[in-house]
Amino acid sequence: MRTRHSERHRLSRIGWLRAAVLGANDGILSTASLVVGVASAPQARPSDILVAGVAGLVAGAMSMAAGEYVSVSSQADSETAERALESRELREDPKGEHKELAEIYVQRGLDRALAAQVATQLMAHNALEAHARDELGLSDTTAARPLQAAIASAISFASGALLPLLAVIFSTRNLAAPVTVIVSLLGLAILGGLSAAMAGSPVVRGVVRVLFWGAAAMALTAAVGRMFGVAA
């Protein structure tokens, strides 16, 4: 009989989940804050509010994509460099690398004889991957993927930013700010709860955390809009 592996692990989606959640959260929060700030200015016209929101969506999506790509590319470069260094060490000192790998397994609980045997078999199969995984902590599951992270960030930011924009489009000038705040906070709460649930974290904590920072950001930008206004 085949044994069914029923455990559900979340590590395989850490990379894209992180980028997607960060992008959507940023999309809602930054665009809503921008819209609320402009809408709170007494002289702001409906077209000013909408243009500010659209500009924020485009600029934010590109900024998120570029930032994520550069950041994750640096991580990928570091991983590549570490693998290259490990490959060179395996060529120059295979016995020392075998001893090093065996010592890792000893520290994890194996006796020395078994640790040496495990290290021998794993290095015979794929020495570089064995060292990358057990010595450096690198694997295909957690590998840095710059393009994937950049695309996920841009799409998720734009998706999140659409929420406050729709609130502006379907509300009157006088209600633009409060409607945007309510809709955006609701979206942030749902996003915070979903992301916490997917990551296996307490849902209430995730919701409270994102609501606190969202409300603070929109309150500050509303104050700025009222203080400085918009030039006619």
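Residues numbered from 1 in each chain as written. Predicted model: local features only at pLDDT ≥ 70, side-chain atom pairs only at ≥ 80, totals over all residues. Heavy atoms only, no water.

K.L.:
So what exactly am I meant to see when it comes to the overall build of the chain here?
P.N.:
Helix and strand content of the chain: seven helices and zero strands. Helices (α) and strands (β) of the chain occur, in sequence order from the N terminus, as α-α-α-α-α-α-α. Burial statistics for the chain: of 232 residues in total, 37% are counted as buried. The long-range share in the chain, meaning contacts at least 24 apart out of those at least 6 apart in sequence, stands at 75%. About 13,900 Å² of surface is accessible on the chain, with carbon and sulfur atoms providing 64% of the total. (Helix = DSSP H or I, 4+ residues; strand = E, 2+ residues; numbered from the N terminus. Buried < 20%, exposed > 50% of the residue type's maximum accessible area, 1.4 Å probe, protein only. Contact = heavy atoms within 4.5 Å. Areas by Shrake-Rupley, 256 points an atom, 1.4 Å probe, with all protein chains shown as cover.)

K.L.:
Just checking my understanding: could you explain the nonpolar core for this structure?
P.N.:
Grouped burial of nonpolar side chains is what soluble globular proteins tend to show. In this structure, Leu-90, Leu-101, Ala-102, Ile-104, Tyr-105, Val-106, Ala-115, Ala-119, Met-123, Ala-127 and Ala-130 together form the largest nonpolar core, which totals 11 residues. For this core, the elements supplying multiple residues, two or more each, are α3 (94-107) and α4 (112-134). When neighbours within four sequence positions are excluded, Ala-119 is seen to be in contact with His-98, Leu-101, Ala-102 and Tyr-105. (Core = buried A, V, L, I, M, F, W, Y, C linked by side-chain atoms within 4.5 Å.)

K.L.:
Got a minute to help me understand the confidence of the model for the chain in this structure?
P.N.:
Confidence in the prediction for the chain averages 80 pLDDT; 85% of positions are at 70 or higher. Confidence, read as mean pLDDT per element, is least for α4 in the chain (77) and greatest for helix α7 (residues 203-228) (89). (pLDDT = per-residue confidence, 0-100.)

K.L.:
It is not clear to me how α3 should be interpreted in this structure. Could you clarify?
P.N.:
Note that an α-helix has 3.6 residues per turn; residues three or four places apart therefore point the same way. For α3, built from 14 residues, the straight-helix expectation of 20 Å at 1.5 Å per residue is met to within 8% by its first-to-last C-alpha distance of 20 Å. Just past α3, the residue Gly-109 takes up positive phi, approximately 120°. (Expected span 1.5 Å × (residues − 1).)

K.L.:
How should the packing of aromatic side chains be read in this particular structure?
P.N.:
When we look at a pair of aromatic rings, we describe it by the centre distance and by the angle of the planes. Counted by the stated rule, this structure contains one aromatic pair. Pairing Phe-212 with Trp-213 gives two aromatic rings, centres 5.1 Å apart and planes at 80°, and the pair type is edge-to-face. (Phe/Tyr/Trp six-rings, centres within 6.5 Å; stacked < 30°, edge-to-face > 60°.)

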